[in-house]
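So you can see what is in the structure, the chains are spelled out below.
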Amino acid sequence: MKRRTALFTTLALYLGLATPGLAQQASDTLAPERPGGASAAGAAVTGKSWMVAAANPLATQAGAEMLRAGGSAVDAMVAVQLVLGLVEPQSSGIGGGAFLVYWDAKERKLTTFDGRETAPMAATPLLFQNEKGEPLGFMAAVVGGRSVGTPGTPRLLEVAHRRFGKLAWRRLFEPAIGLAEQGFDVSPRLAGLVAAEGDALKRFASTANYFFPDGAPLKTGAILKNPAYAATLHTLADEGADGFYSGPLAAEIVRTVREAPANPGLLAESDLATFRVKERAPVCAPYRGLDVCGMGPPSSGALTLGQILGMLEPYDLKALGPSSPEAWRLIADASRLAFADRNRYMADEDFVPMPTRGLLATDYLKARSELLRGDDALPEVAAGTPKWDHARLDPPAYADDAALELPSTSQIVVVDAEGNVLSMTTTIENGFGSRLMVGGFLLNNELTDFSFKSQENGVPVANRVEPGKRPRSSMTPTIVLRDGEPVLTLGSPGGSQIIGYVAKTLISHFDWGMDIQAAISAPNVLARFDAVELEKGTSAEALEPGLKALGFPVKIGEMTSGVQAIAIGDGELRGAADPRREGIAIGE
Ligand code: GLY
């Protein structure tokens, strides 16, 4: 039976078919963020009225329940996020932060909400350095209280619901509370990642007790209850986000961070009490008659994606096609140039001046694009000199950033019956975050998205730690418009590979005409720094000789994207989830 399903989905994928109604493509194999995983093919789902896709079937079902009950896209997103924090706790939850990009169908307007974590007011640029001013080792910084930023997700859910929700706040908690109290099936992916974590996840007693009941790692299919999370959700359902940011839960979060046996942190109750979600203007970039819109600083997502696409605009990728090393040379070098700018200039704009408009200016991108005119890989890539937005300021000098962002995070997309569209990328940063657990959920390690190095030869790094600042992100929640109408919503987990995963999906769909599911399932190929990264075990490996001949170093490895997307057009919604993880789409 399993073989027949796999055969059907593979065939459906090849033929670009869609499965109507309830979907579909939950992988029954583990596709971990570490080497050794497998993947299963996916098939798109079609609907006429609404669609939701998320990284776990139980979470998608919670969203579908809200939409069936007449809920809005935001209602569905809240229910999905609360369940994800239970069934995919390693990736996102109320202990983390998120960015939401939202299309309001009635107002015909895009907006974005920044629920990114903030650094404690007691933090300094030296947070991740030893006594000699040397950067700490990455995992030494991650595990424990030091890396924990003020969580933003609970307030984001509330702010979004107050603005765009239809169902009662309490109603949105029902699926997650039910699953936490009655238990849910541990997924293959969660069980696999717990086993792979081993002793690192046993460092703190509450975390060890939850993920290693009776001392053994959680097994696939075990029924897991989380009464502490259910109690936390009851508090939030009754008291709103204030029940998180003040009172006993806030005190417990602060105590857990400050008294962590490893790496005690700096979070204070005042950091929680003063946390604010910020509504920001979207950052949009033109590409082949489309507007590709997403989250601006403190995310580097929309700016870097917009730069990549802007540099590629003059080149005929369609004629070259996806098997051509020349197409990937252009994409890879455009990405390397964009990442050089990202590492120099992009950070939390509320704290450091940024050339935000200059980075996407047509003349600037045209000049950067000219650098791609040669035949071979660029031997060296450096940040450019975009115009600064603050013309009367002397342009500040920044040193390059040294943040290391490893794969993590989760993606939610929804279209509701009224045509509202959302894309939310949500995270606790590293898999299992700081490994500290309180109230049945994991606390983030988002502060390690700052550069550990704060300056070089006296020149400051833009993305250095500062009190109250948000660490730079790569999350790229995206809504694409054509003639002012949304035609696609998407995003992915994956640390700084997120940007490349989203770029590959967009180019595959819009330049190479692939169905949205095929675009997601197509082998991952991207570049951030010098090497081109090819997805192991896929046809992308065939590009290796051609790319090497063009002068690129090539790395072949696991590239576990987790793209969720909904294509909107011709009276139909087409939901698709990444077969590399466990996500599904459901639509009607
Ligand atoms: N922590 C993942 C990101 O924000 O890019």
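Predicted model, so just to flag it, every value in this text is computed and none were measured.

Calculation notes
Residues numbered from 1 in each chain as written. Predicted model: local features only at pLDDT ≥ 70, side-chain atom pairs only at ≥ 80, totals over all residues. Heavy atoms only, no water. Helix = DSSP H or I, 4+ residues; strand = E, 2+ residues; numbered from the N terminus. Buried < 20%, exposed > 50% of the residue type's maximum accessible area, 1.4 Å probe, protein only. Contact = heavy atoms within 4.5 Å. Areas by Shrake-Rupley, 256 points an atom, 1.4 Å probe, with all protein chains shown as cover. Lys, Arg positive; Asp, Glu negative; His and termini not counted. Charge placed at Lys NZ, Arg CZ, Asp CG, Glu CD. Near = heavy atom within 4 Å. Polar contact = N/O pair within 3.5 Å; in protein donor to acceptor, adjacent residues only side chain to side chain. Nonpolar A, V, L, I, M, F, W, Y, C, P; charged D, E, K, R; others polar. Pairing = 2+ DSSP bridges. Axes fitted to C-alpha atoms, helices over the stretch in contact; angles between N-to-C directions. pLDDT = per-residue confidence, 0-100. Phe/Tyr/Trp six-rings, centres within 6.5 Å; stacked < 30°, edge-to-face > 60°. Lys NZ or Arg CZ within 6 Å of the ring centre and 35° of its normal. Salt bridge = Lys/Arg side-chain N within 4 Å of Asp/Glu carboxyl O. Disulfide = S-S within 2.5 Å. Core = buried A, V, L, I, M, F, W, Y, C linked by side-chain atoms within 4.5 Å.

### Quick notes on the overall build of the chain
No. 1: For the chain, the helix and strand inventory stands at 20 helices and 24 strands.
No. 2: By principal-axis analysis of the C-alpha atoms, the chain measures approximately 60 × 60 × 45 Å.
No. 3: Buried residues in the chain amount to 62% of all 588 residues.
No. 4: Sequence-distant contacts, at least 24 apart, represent 73% of the contacts inside the chain between residues at least 6 apart.
No. 5: Surface accessibility of the chain: about 20900 Å² in total, with carbon and sulfur atoms responsible for 54%.
No. 6: Here the chain holds 55 positive side-chain charges and 67 negative ones, and the gap between their average locations is 1 Å.

### Some words on the site of the ligand
No. 1: By nearness alone, 10 residues border the ligand, and Arg116, Glu446, Asp449, Ser473 and Ser474 come closest of all.
No. 2: One of the side-chain nitrogen or oxygen atoms of Asp449 is found 2.7 Å away from a nitrogen atom of the ligand.
No. 3: In terms of residue class, the shell around the ligand is built from one nonpolar, four polar and five charged.

### Examining the sheet that holds strand β24 (residues 584-587)
No. 1: Pairing is antiparallel in the open sheet, where seven strands are placed in the order β8-β5-β4-β12-β11-β3-β24. Sheet topology places β8 (278-280) and β24 at the edges, where each strand pairs with a single neighbour. Adjacent strand axes in the sheet meet at a mean angle of 15° when their direction is disregarded.
No. 2: Pairing geometry for strand β11 (residues 410-415) and strand β12 (residues 421-427), over six bridges, is antiparallel. What sits directly across from Val414, in β12, is Leu422.
No. 3: Helix α3 (residues 73-87) rests against β3 (51-54), β4 (97-104), β11 and β12 of the sheet, and its axis sits at about 155° to β11.
No. 4: Strand contacts of helix α5 (residues 153-164): β4, β5 (109-115), β8 and β12, with the helix running at about 15° to β4, the strand carrying the most contacts.

### As for the environment of Met121
No. 1: You can see Met121 is positioned in the loop between β5 and α4 (138-142).
No. 2: Accessibility expressed as a relative area gives 56% for Met121, which makes it exposed.
No. 3: Sequence separation between Met121 and Ala268 is 147 residues, and the spatial gap between their C-alpha atoms is 8.1 Å.
No. 4: Leaving out residues up to four positions away in the same chain, Met121 has contacts with Asp271, Pro467 and Gly468.

### Concerning the confidence of the model for the chain
No. 1: Averaged over all residues, the pLDDT of the chain equals 91, while 91% of them reach at least 70.
No. 2: Every residue in residues 1-41 scores below 50 in pLDDT, and together they form 93 contacts with partners more than four places removed in sequence or on other chains.

### Section: the packing of aromatic side chains
No. 1: The final tally for this structure, using the stated rule, is 14 aromatic pairs.
No. 2: A ring pair is formed by Phe128 and Phe452, whose centres lie 4.7 Å apart and whose planes are at 20°; its orientation type is stacked. Of this pair, Phe128 sits in the loop between β5 and α4 while Phe452 sits in the loop between β14 (441-442) and β15 (455-456), placing them 324 residues apart in sequence. Of the two residues, Phe128 and Phe452, neither departs from the other in class, the shared state being buried.
No. 3: One aromatic cluster is present, built from ring pairs that chain together Phe244, Tyr245, Phe275 and Phe441.
No. 4: For Lys202, the ring lying beneath its charged end belongs to Phe212, and the centroid distance is 4.9 Å.

### Topic: the pattern of salt bridges
No. 1: The full count for this structure, using the stated rule, is 37 salt bridges.
No. 2: The closest approach of N and O atoms between Asp114 and Arg470, which form a salt bridge, is 3.2 Å. Separated by 356 residues along the polypeptide, Asp114 in strand β5 and Arg470 in the loop between β16 (459-460) and β17 (478-482) bring together distant segments of the chain.
No. 3: In this structure, Glu466 engages Lys469 in a salt bridge whose closest nitrogen and oxygen atoms are separated by 2.9 Å. Assigned by exposure class, Glu466 and Lys469 land together as buried.
No. 4: The network of salt bridges with shared partners includes Asp114, Lys278, Arg280, Asp350 and Arg470.

### Some details on the side chain of Asn463
No. 1: Checked against the element boundaries, Asn463 lands in the loop between β16 and β17.
No. 2: Classification of Asn463 as buried rests on a relative accessible area of 0%.
No. 3: Within the local environment of Asn463, its side chain forms a polar contact with the backbone oxygen of Asp449, the two atoms lying 2.9 Å apart.
No. 4: Only 3.1 Å separates the side chain of Asn463 from the backbone nitrogen of Arg472, close enough to count as a polar contact.

### Quick word on the state of the cysteines
No. 1: One pass over the structure, following the stated rule, counts one disulfide.
No. 2: Linked covalently through their sulfurs, Cys284 and Cys293 form a disulfide whose S-S length is 2.1 Å. For the disulfide bridge between Cys284 and Cys293, the dihedral angle about the S-S bond is near 115°, and by the sign convention the bridge is right-handed.
No. 3: The exposure class of Cys284 is partly exposed, given its relative accessible area of 33%.
No. 4: Taking the relative accessible area as the measure of exposure, Cys293 reaches 1% and is therefore buried.

### A closer look at the nonpolar core
What tends to happen in soluble globular proteins is that the nonpolar side chains get buried as a cluster.
No. 1: Residues Met77 and Phe211 are the most contacted members of the largest nonpolar core, which totals 97 residues.
No. 2: Those residues in contact with Met77 that lie beyond four places of it in its chain are Leu100, Leu157, Ala160, Ile412, Val414, Leu422 and Met424.

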